[in-house]
Amino acid sequence: MADLKEQTSHAVGADVTYEENAVGYREYVEGLDIEVSDREYRRVRWKIDLIVLPIFLITQALQFMDRTALNYANLFGYQAALGLKGSQFNYLTAILYAGYFIGQYPCGWLVGRFPAQRVMAITIFWWGVMVLLMTQARSYSGALFIGLFEAAVTPGLTLMTGFWYTRREIPLRQCIWYSSLGWGGIVGSYMAMGISTLPANFTPERWQLIFYILGSVTCLWSVLVYFVLPDAPSNARFFNERERLVAVKRVSGNETGIKNKEFKKKQAILAFYDPKTILLFISVFAAAIPSAVLTAFSTVIIRDMGFSNTMTTELKSVGDATQIISLLIAGLITFNVPNSRLLTSTAANLLCTVCAALMVYLPKQNTWGRLVSFWLCNAQSVGFTVSVVTISSNMAGYTHRSVASALIFTAFCWGNFAGPFVVKDSEAPTYNTATVGLLTGYAIKLGCQILLLAYMFFSNRRRDRNYGPANKAKSDEAGMQDKTEYENKDFRYVL
């Protein structure tokens with residue numbers, strides 16, 4: 001270890017600029033020789049869980065609620081107020097993801113180049129302002145700008161999860177904060193249910209009230225994110241100096257580094273032809289089509305099964321609870337069972353495929369059978385979460401990882417843009433095109449996940465055969481030096 005520290009210090013001394021660009025590298029070198037007990041590791045992780053994780057969860061919940069505000073507003077005459085007819089509401093829903101697509105590349109660069117929490121706080125504030133302005137908007141521009149400013153959040157939180165947690169801890173923590181989609185859906189459902197009890201002639205209009213509430217809370221939350229959330233363990237104010245060293249030492253074992261401010265063209269190009277990126281791109285695009293249906297049209301689909309507005313919001317919350325439970329179960333399995341991530345994801349994808357098939361083939365008179373199948377489709381979040389965990393756990397080199405993340409969220413945007421157009425009002429209450437879209441998307445996603453599992457499994461076997469057993473210390477050092485998994489022959493994928 002002393003030899004490794006001497007070599008590391010010499011390499012860094014030859015390039016001071018590198019140390020400035022590699023976030024946490026100084027703390028990594030200082031912490032190479034310190035002895036840390038399991039109890040100290042747990043104490044540091046506990047601090048992160050109490051401070052950082054709740055901020056991630058609430059931020060993601062607000063993003064989901066703001067993004068699905070159109071879903072709730074649609075129950076209270078939003079389409080009529082704007083004079084939308086036919087598929088115009090579908091375009092309004094889709095245009096939000098066009099903004100998301102436009103915004104993610106500049107936002108991704110800003111998150112890498114500047115303190116991530118500051119970038120996110122500023123974008124959170126402006127998306128809250130855009131939600132407030134939706135009360136006055138009479139065109140598609142409001143939704144476009146909401147998507148534009150929301151683009152930093154989920155990709156940013158995905159990358160930041162790898163800054164704070166070890167490879168073993170990442171899936172469970174990612175599942176915990178991503179379960180906020182379910183928590184946000186439940187809060188949103190009961191908010192809409194309360195608003196539904198107000199008289200129809202209430203001022204402001206009931207659909208406007210949704211935007212006023214969510215926009216105001218989002219703007220206030222941005223202030224807390226700006227001043228409380230740190231960029232990385234190396235500059236966390238709630239740690240003392242030793243705890244910063246311990247926190248960096250923990251995540252140096254990920255073999256992927258923390259964050260590097262330098263944009264590396266070679267790594268960016270690699271992201272485009274990395275087989276993992278290609279498989280995840282196809283998988284996420286296919287899955288985003290049914291995701292868009294569940295996100296933007298779940299209330300309409302449930303209502304058209306024959307339920308009242310109030311009952312619809314209550315029934316939707318069951319689907320949200322299903323999402324939370326499936327994510328927490330998946331997170332606990334992947335935390336306690338080694339190399340179970342993609343197998344867990346495959347099982348969840350298989351469940352969604354079967355449920356989508358039931359929605360296609362069950363007779364429309366079987367309302368509760370179709371409704372339960374629709375609820376269980378919310379387990380789709382497990383597959384998406386494992387997909388983004390692959391980015392933070394199995395892609396080394398910060399530019400490589402961030403560009404791959406941008407490409408995968410591009411697929412997410414395009415799929416969500418296309419998704420609303422499979423929902424046709426004329427097909428109510430069965431929505432045959434939408435249910436076939438769910439089945440097709442889940443089946444493609446299932447195939448891609450199986451191929452990804454096979455690719456990483458056989459890559460590990462080939463590396464063991466060609467290079468022998470992995471040297472963990474060298475692999476950690478290569479990760480902190482911002483080398484990709486292809487440059488680091490001691491890197492092994494976590495399955």
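Residues numbered from 1 in each chain as written. Predicted model: local features only at pLDDT ≥ 70, side-chain atom pairs only at ≥ 80, totals over all residues. Heavy atoms only, no water.

Novice: Let's hear about the overall build of the protein: which residues, and what values?
Specialist: Scanning the protein from terminus to terminus reveals 23 helices and 2 strands. For the protein, whose C-alpha radius of gyration is 23 Å, the value lies close to the compact-globule estimate of 23 Å for 495 residues. By its C-alpha atoms, the protein is 75 × 45 × 40 Å across when sized along the principal axes. Taking all 495 residues of the protein together, 61% fall into the buried category. Residue pairs in contact within the protein that sit at least 24 positions apart in sequence constitute 83% of those at least 6 positions apart. (Helix = DSSP H or I, 4+ residues; strand = E, 2+ residues; numbered from the N terminus. Rg over C-alpha atoms; globule rule 2.2 N^0.38 Å. Buried < 20%, exposed > 50% of the residue type's maximum accessible area, 1.4 Å probe, protein only. Contact = heavy atoms within 4.5 Å.)

Novice: I'd like to hear about a nonpolar patch on the surface, residue by residue, with values.
Specialist: Where nonpolar side chains cluster on the molecular surface, the patch consists of Trp109, Leu110, Phe114 and Phe263 and spans about 410 Å² of accessible area. Within the element layout of this structure, Phe114 appears in the loop between helix 7 (88–113) and helix 8 (116–133). (Patch = residues over 30% accessible without salt bridge, like charges linked within 9 Å, V, L, I, M, F, W, Y side chains within 5 Å. Areas by Shrake-Rupley, 256 points an atom, 1.4 Å probe, with all protein chains shown as cover. Salt bridge = Lys/Arg side-chain N within 4 Å of Asp/Glu carboxyl O.)

Novice: Describe the pattern of salt bridges, and please don't skip the residues or the numbers.
Specialist: The final tally for this structure, using the stated rule, is 12 salt bridges. One salt bridge connects Arg242 with Glu40, and the closest N-O pair in it is separated by 2.6 Å. Taken together, the residues Arg242 in helix 14 (residues 241–252) and Glu40 in helix 4 (residues 38–67) connect sequence positions 202 residues apart. Given the relative accessible area of 36%, Arg242 is considered partly exposed.

Novice: Which residues make up the packing of aromatic side chains, and what values go with them?
Specialist: Overall, the coordinates contain 25 aromatic pairs when judged by the stated rule. Judged by centre distance (5.2 Å) and plane angle (80°), the rings of Phe457 and Phe458 are edge-to-face. In this structure Phe457 comes out as partly exposed when scored by relative accessible area, which is 34%. Looking at Phe458, the relative accessible area reads 52%, which means it is exposed. (Phe/Tyr/Trp six-rings, centres within 6.5 Å; stacked < 30°, edge-to-face > 60°.)

Novice: Tell me what's going on with helix 4, and back it up with residues and numbers.
Specialist: In this model helix 4 runs 41 Å from its N-terminal to its C-terminal C-alpha over 30 residues, within 8% of the 44 Å that 1.5 Å per residue would give. The largest bend along helix 4 measures about 35° and falls at Asp49. (Expected span 1.5 Å × (residues − 1). Bend = angle between axes of the 7 residues up to and from the residue.)

Novice: Lay out the side chain of Thr123 with the relevant residues and their values.
Specialist: Among the structural elements, Thr123 can be located in helix 8. Setting aside its immediate chain neighbours within four residues, Thr123 contacts Cys107, Phe149 and Ala152.

Novice: Just give me the short version of the nonpolar core, but keep the residues and values in it.
Specialist: One broad rule of soluble globular proteins: the nonpolar side chains tend to lie buried together. Formed by 137 residues in total, the largest nonpolar core has its most connected members in Tyr78, Trp164 and Phe211. Ranked by the residues each element gives to this core, the list is headed by helix 16 (residues 275–303), at 11 residues. Apart from residues no more than four positions distant in its own chain, Tyr78 is found in contact with Leu70, Ala73, Phe89, Leu92, Met134, Trp207 and Phe211. (Core = buried A, V, L, I, M, F, W, Y, C linked by side-chain atoms within 4.5 Å.)

Novice: Can you explain unusual backbone geometry? Please cite residues and give values.
Specialist: Unusually for a residue other than glycine, Asn339 sits at a positive phi of about 50°. Note on placement: Asn339 falls in the loop between helix 17 (309–336) and helix 18 (341–361). Unlike most non-glycine residues, Asp482 shows phi in positive territory, near 65°. Mapped onto the fold, Asp482 is located in the segment after helix 23 (472–480).

Novice: How would you explain the confidence of the model for the protein if you had to name every residue and give the values?
Specialist: Detail in the predicted coordinates should be disregarded across regions flagged by low pLDDT. Looking at the protein, pLDDT values average 83 and 94% of them are 70 or higher. Counting interchain partners and residues more than four positions distant, the pLDDT-below-50 stretch residues 6–15 has 7 contacts. (pLDDT = per-residue confidence, 0-100.)

Novice: Any chance you could break down the packing of helix 18 against helix 22 (residues 432–467) for me, citing the residues and the numbers?
Specialist: Two elements in contact, helix 18 and helix 22, have axes whose closest approach is 8 Å; the angle formed by their N-to-C orientations is 160°. Comparing the axis directions of helix 18 and helix 22 gives the class roughly antiparallel. Here helix 18 and helix 22 pass one another in a crossing that is left-handed. Looking at the contact of helix 18 with helix 22 residue by residue, the classes come out as 18 nonpolar, 6 polar and 1 charged. (Axes fitted to C-alpha atoms, helices over the stretch in contact; angles between N-to-C directions. Parallel < 35°, antiparallel > 145°, perpendicular 65-115°, else oblique. Left-handed = near helix turned anticlockwise from the far one by under 90°. Nonpolar A, V, L, I, M, F, W, Y, C, P; charged D, E, K, R; others polar.)

Novice: How would you sum up the environment of Met191? Please name residues and give values.
Specialist: Tracing the chain through its elements places Met191 in helix 12 (residues 180–196). Classification of Met191 by relative accessible area gives buried; the value is 15%. For the pair Met191 and Ala94, spaced 97 residues apart in the sequence, the C-alpha separation amounts to 24 Å. Ignoring sequence-local partners within four residues, the contact set of Met191 consists of Ile210, Ile213 and Leu214.

Novice: Outline the side chain of Ser283, supporting the account with residue identities and numerical values.
Specialist: When you line up the elements, Ser283 lands in helix 16. In contact with Ser283, other than residues within four places in its own chain, are Ser387, Lys445, Cys448 and Gln449.

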